[in-house]
Amino acid sequence: MGLSNEEVAARLNEIADLLDLLGERFKPEAYRRAARSIESLPEGLARFAERGALRTIPGVGEAIAGKVDELLRTGSLAYLEKLRADIPAGVLELMRLPGVGPKTARRFWTELGIEGTSALAEAIDAGRLEGVKGFAAKKIAQLRAATGRATSGPAPTSARRPIEQVWPIARSILDVLRGVPGVRQVEIAGSFRRAREDVGDLDVLATATAPAAVFDAFSALAAVQEVRLRGPTKETVVLTGGLQVDLRVVEPEAFGAALQYFTGSKDHNVRLRSLAREQGLKVNEYGVYRGEQRIAGATEEDVYGALGLAWIPPELREDRGEIAEAASGRLPRLVEPGDLAEEWHVHLPRDATERDAARLVAEAKRRAIGTVGVVVGVAEGGGWQPQLAAEVLTALQRSRGPGLRLPFAAETRGDPTGLVPADLLSSGAEYLIAVPEPLSSRDAAPPPLPVRLLAHFGGPPEVIGPALDRARAWGAAVEIGPGSDRLDSAAARTARLAGVPLAVPTGLARSPDDPIEAVALGFARRAGASRAEVANARDPGRPPRPAPKVRGPPRSGPPRR
DNA sequence: GCCGTTTTCGGCCCGACTGTTTTCAGTCG
């Protein structure tokens, strides 16, 4: 079993850190860029290596391709082993302390012989830092706090967390800040806006007539554990639970430029700025400049427009060719929130009542969802497990009224091919939702009912590949969204490119505040999916359903004028 | 170490904030 993409990326990042400690200027960033690129690949590196295509990965040139190849073949890398031998592991640890970068870690190591976090703590206690150039009382206190935190567990801010966990936090921050008098615009930028699966921190941007009031409200958020820094335009806090949140208040003329800049990705921005340079322009977080003159900045549309580009949806800003597409008008029209018109996969609780059935129907009508597929039972190995009481099924049918379709579905665990329990066929189910656990790759008899959906699965490319083959053969869609039992955006992209339609869950049977629809829709957009590529979206030509009335971060649609 | 519709060499984003500074270095994003 070879190394995963994540493992290879981790080793490249380690090389970058070690080269940083050696004072290298540009190599570390080159290794990090290659690592970022590899982390976001939609398929395994081994496939690239087989095709001899490692160097087609952005940021991977001759030298890194050779090192990746060595890692894939042997599981280790002589170059990395040499670096590890030269630099004590504890020095890397030091560099990861907040407020300690490569320069400081290197000084600890070479000037003071401090080779780890606990050695640093001892040195501080022994007063060895006093009188050393660059270390005054405040800095030493900061370091003492940092080493204390480090010894009682990993630094809380370092971990990225799933976007669906961060979503409710983001929503409550927006709710509070939008209520502050004088606030005009508030948006969350960063990887959250790009709908990345995992989010490291939140970047909040605002415009306001009285910035101080916004900062005060921000500092006073109930979840704030610590205010890390506060300046005239920027404040950083850490919430209980460790999530770091940055707030910047900018002037309205620069809001679009700031939103663009802080949404990233880094690689997207680097390419955008180099495009600007070719045109004799300069882009920064304040605007697009020709010489001293600002020619754009208030909206993102203006910023991209000033560079001759169409507005690029945040979910596509990963430097995967989107800038060239925006220049030539070839950007896809991504699926939008109002496009979802059907829900194929609803589970009601086992003890659901007629009232639950009525509530589901009412919610579908409120959200203008015209088809709701309810799972009536599970078929597994020739057995049949009903999921809902007969009265509930009757209540569903009775309360639906005109204009709502309520087909029943059966879930099949494992391969549905040749599976014909009599109960399944008499259950009223119209279609199957197949759960690959896994599916056999051989072709056999056709399933007893149409398979519309593959659901409750996710995982690495080698698990997803065979499932996608079966989905395509059956004409089934695959369910995407947050969690380990749905496909993430990289897998969704693979599916889309293989011609397999995507299914976006609407969270119809969940709490109205559940972010599953927004998150899954973000993944679909990240995968580059148009409405036609989402199986449960409305037909082309039909009007969009009215936007559901949910509180929270607006979807990142094109800027309105 | 990577990269190129002005380049196979010479660039590589850049501004805010902090702490220790008398004009700046380091870190961070």
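Residues numbered from 1 in each chain as written. Chains lettered and ligands numbered in written order. Predicted model: local features only at pLDDT ≥ 70, side-chain atom pairs only at ≥ 80, totals over all residues. Heavy atoms only, no water.

Further remarks concern the overall build of chain A. A count of helices and strands for chain A gives 22 helices and 18 strands. Against the 2.2 N^0.38 benchmark of 24 Å for 561 residues, chain A shows a C-alpha radius of gyration of 27 Å, consistent with a compact globule. Taken over the C-alpha atoms alone, chain A extends approximately 85 × 60 × 50 Å along its principal axes. The 561 residues of chain A split such that 49% are buried. Residue pairs at least 24 apart in sequence account for 63% of intrachain contacts in chain A once pairs closer than 6 positions are excluded. Surface exposure of chain A reaches about 25,700 Å², of which carbon and sulfur atoms provide 52%. (Helix = DSSP H or I, 4+ residues; strand = E, 2+ residues; numbered from the N terminus. Rg over C-alpha atoms; globule rule 2.2 N^0.38 Å. Buried < 20%, exposed > 50% of the residue type's maximum accessible area, 1.4 Å probe, protein only. Contact = heavy atoms within 4.5 Å. Areas by Shrake-Rupley, 256 points an atom, 1.4 Å probe, with all protein chains shown as cover.)

The next point concerns the packing of helix α2 (residues 27-39) against helix α14 (residues 266-278). For the pair α2 and α14, interaxial distance at closest approach is 11 Å and the crossing angle is 115°. On the side of α2, the interface is formed by Glu29, Arg33 and Arg36, while α14 contributes Lys266, Asp267 and Arg271. Per-class residue counts for the contact of α2 with α14 are no nonpolar, no polar and six charged. (Axes fitted to C-alpha atoms, helices over the stretch in contact; angles between N-to-C directions. Nonpolar A, V, L, I, M, F, W, Y, C, P; charged D, E, K, R; others polar.)

Turning our attention to the pairing of strand β10 (residues 293-296). Summarising the sheet, strand β9 (residues 287-290) and β10 pair through three bridges and their orientation is antiparallel. For Arg290, the partnering residue across the bridge sits in β10 and is Gln293. Counted along the chain from β9 to the antiparallel partner β10, the turn is two residues long, and its residue Gly291 has a positive phi close to 60°. (Pairing = 2+ DSSP bridges.)

For the rest of this paragraph, the subject is empty space enclosed by the protein. One way to see where empty space is left: roll a probe the size of a water molecule over the atoms. As enumerated under the stated definition, the model contains one cavity of 30 Å³ or more in all. Lining the largest cavity, in full, are Glu342, Glu343, Trp344, His345, Leu453, Glu479, Ala503, Val504, Pro505 and Asn536. Element by element, the count of residues in the lining of the largest cavity is highest for strand β11 (residues 342-346), at four residues. Of the residues contributing to the lining of the largest cavity, the split by class is five nonpolar, two polar and three charged. (1 Å grid on protein atoms, 1.4 Å probe; cavity = no way out; pocket = protein on both sides within 12 Å on 5 of 7 lines; lining within 4 Å. Points joined across faces, edges and corners; volume = space filled by probe spheres on them.)

Looking now at the protein's contact with DNA strand B. Taken together, 40 residues form the shell around DNA strand B, and within it Gly59, Gly61, Gly101, Thr104 and Tyr286 come nearest. Tyr31 is positioned with one of its side-chain polar atoms (N or O) 3.2 Å from a phosphate oxygen of DNA strand B. Taking Arg273, its side chain carries an N or O atom lying 3.0 Å from a sugar or linking oxygen of DNA strand B. Of the residues contributing to the surface near DNA strand B, the split by class is 17 nonpolar, ten polar and 13 charged. (Near = heavy atom within 4 Å. Polar contact = N/O pair within 3.5 Å; in protein donor to acceptor, adjacent residues only side chain to side chain.)

To continue, consider the packing of helix α10 (residues 163-178) against helix α22 (residues 516-526). At a minimum axis distance of 10 Å, the contact between α10 and α22 shows a crossing angle of 125°. Taken together, the axes of α10 and α22 are oblique relative to one another. Here the hand of the crossing between α10 and α22 comes out right-handed. Touching Ile163, Glu164 and Trp167 of α10 are Ala518, Val519 and Phe523, all from α22. Of the residues in the contact of α10 with α22, the class split is five nonpolar, no polar and one charged. (Parallel < 35°, antiparallel > 145°, perpendicular 65-115°, else oblique. Left-handed = near helix turned anticlockwise from the far one by under 90°.)

What follows is about the nonpolar core. Counting residues in hydrophobic clusters, the biggest one holds 87 residues, and the most contacted among them are Leu202, Val372, Val374, Leu454 and Val478. Ranked by the residues each element gives to this core, the list is headed by α10, at seven residues. A domain-level breakdown of this core finds at least three residues from each of domain 2 (161-249) and domain 4 (337-533). Formed by 49 residues, the second largest nonpolar core is a distinct cluster that contains Leu18, Leu83, Leu92 and Trp109. (Core = buried A, V, L, I, M, F, W, Y, C linked by side-chain atoms within 4.5 Å. Domains from an automatic or database assignment.)

Within the open sheet, the three strands sit side by side as β8-β9-β10. Their pairing is antiparallel. Looking at strand neighbours, the two that pair on one side only are β8 (282-284) and β10, the edges of this open sheet. Going across the sheet, the axis of each strand differs from the next one's by a mean of 40°, ignoring polarity. As judged from the three bridges shared by β8 and β9, these two strands associate in the antiparallel manner. Paired with Asn284 across the bridge in β9 is Gly287.

For the rest of this paragraph, the subject is the environment of Pro98. Structurally, the position occupied by Pro98 is in the loop between α6 (89-95) and α7 (102-112). Residues Pro98 and Arg367 lie 269 residues apart in sequence; the distance between their C-alpha atoms is 46 Å.

Turning to unusual backbone geometry, a few remarks are in order. Cis peptide bonds are those with omega within 30 degrees of zero, and the linkage from Gly264 to Ser265 qualifies with -5°. Along the chain, Ser265 falls in the loop between α13 (255-263) and α14. Phi at Ala368 is positive, roughly 55°, even though this residue is not glycine. Note that Ala368 resides in the loop between α17 (354-366) and β12 (371-380). Here the phi dihedral of His456 falls at roughly 55°; this positive angle occurs in a residue that is not glycine. In this structure His456 comes out as partly exposed when scored by relative accessible area, which is 27%.

For the rest of this paragraph, the subject is the confidence of the model for chain A. Summary statistics for chain A give a mean pLDDT of 87 and a share of 93% for residues scoring 70 or more. Per-residue pLDDT, averaged within each element of chain A, yields its smallest value for helix α9 (residues 137-151) (79) and its largest for strand β18 (residues 502-503) (98). Contacts from residues 547-561, a stretch scored under 50 in pLDDT, to residues over four places away or in other chains number 32 contacts. (pLDDT = per-residue confidence, 0-100.)

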